[in-house]
Amino acid sequence: DKHRTRAALKKAGLPTPANFLIKQCSDLKAAAEAVGFPAVLKPVSGAASLGVKKVLSFEELESSYREVAEELGGLVVSSGALTKATNGIKGVNASSVVDLTVLLE
């Protein structure tokens with residue numbers, strides 16, 4: 001969980017980038033004000049590049065958030081990894097086992 005990691009690093013006195021946890025679309029304005037631009041939008045869970053977007057403005061943040069939310073909504077867990085659901089790949093709907101919240105930093 002990237003958000004919890006950032007909080008633990010900050011608590012330990014280590015430098016961390018400004019970040020904001022986005023749980024819903026209504027959080028976007030506060031996230032933009034707290035972090036500024038340029039910024040990176042990324043899922044709090046996972047280690048691959050799925051759902052990671054660089055954003056340069058509030059308008060890009062809004063459109064990228066919608067894209068990322070849609071992309072994350074189509075993920076499944078297959079063989080222990082997050083992957084896009086396709087006709088050939090079956091798995092467990094990711095939202096039932098992984099936190100699909102996103103972080104702006």
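Our structure's up above, just so we're on the same page.
My aim in this report is to walk through the structure given alongside it, one point at a time. Here the structure is a predicted model, which means the values were calculated and not measured. (Residues numbered from 1 in each chain as written. Predicted model: local features only at pLDDT ≥ 70, side-chain atom pairs only at ≥ 80, totals over all residues. Heavy atoms only, no water.)

On to the overall build of the protein chain, then. In terms of helices and strands, the protein chain carries three helices and seven strands. Secondary structure elements of the protein chain occur, N-terminal to C-terminal, as α-β-α-β-β-α-β-β-β-β. In the protein chain, buried positions account for 30% of the 105 residues. Considering only residue pairs separated by 6 or more positions, the protein chain has 49% of its internal contacts joining residues 24 or more positions apart. (Helix = DSSP H or I, 4+ residues; strand = E, 2+ residues; numbered from the N terminus. Buried < 20%, exposed > 50% of the residue type's maximum accessible area, 1.4 Å probe, protein only. Contact = heavy atoms within 4.5 Å.)

Put simply, helix 2 (residues 28–35) and helix 3 (residues 58–73) touch, their axes get as near as 11 Å, and they point 130° apart. Considered as vectors, helix 2 and helix 3 are oriented oblique to each other. Of the two possible hands of crossing, helix 2 and helix 3 adopt the one that is right-handed. Packed against helix 2, whose contacting residues are Leu28, Lys29 and Ala32, the element helix 3 presents Phe58, Leu61, Glu62 and Tyr65 at the interface. Residues of the contact of helix 2 with helix 3, tallied by class, amount to five nonpolar, no polar and two charged. (Axes fitted to C-alpha atoms, helices over the stretch in contact; angles between N-to-C directions. Parallel < 35°, antiparallel > 145°, perpendicular 65-115°, else oblique. Left-handed = near helix turned anticlockwise from the far one by under 90°. Nonpolar A, V, L, I, M, F, W, Y, C, P; charged D, E, K, R; others polar.)

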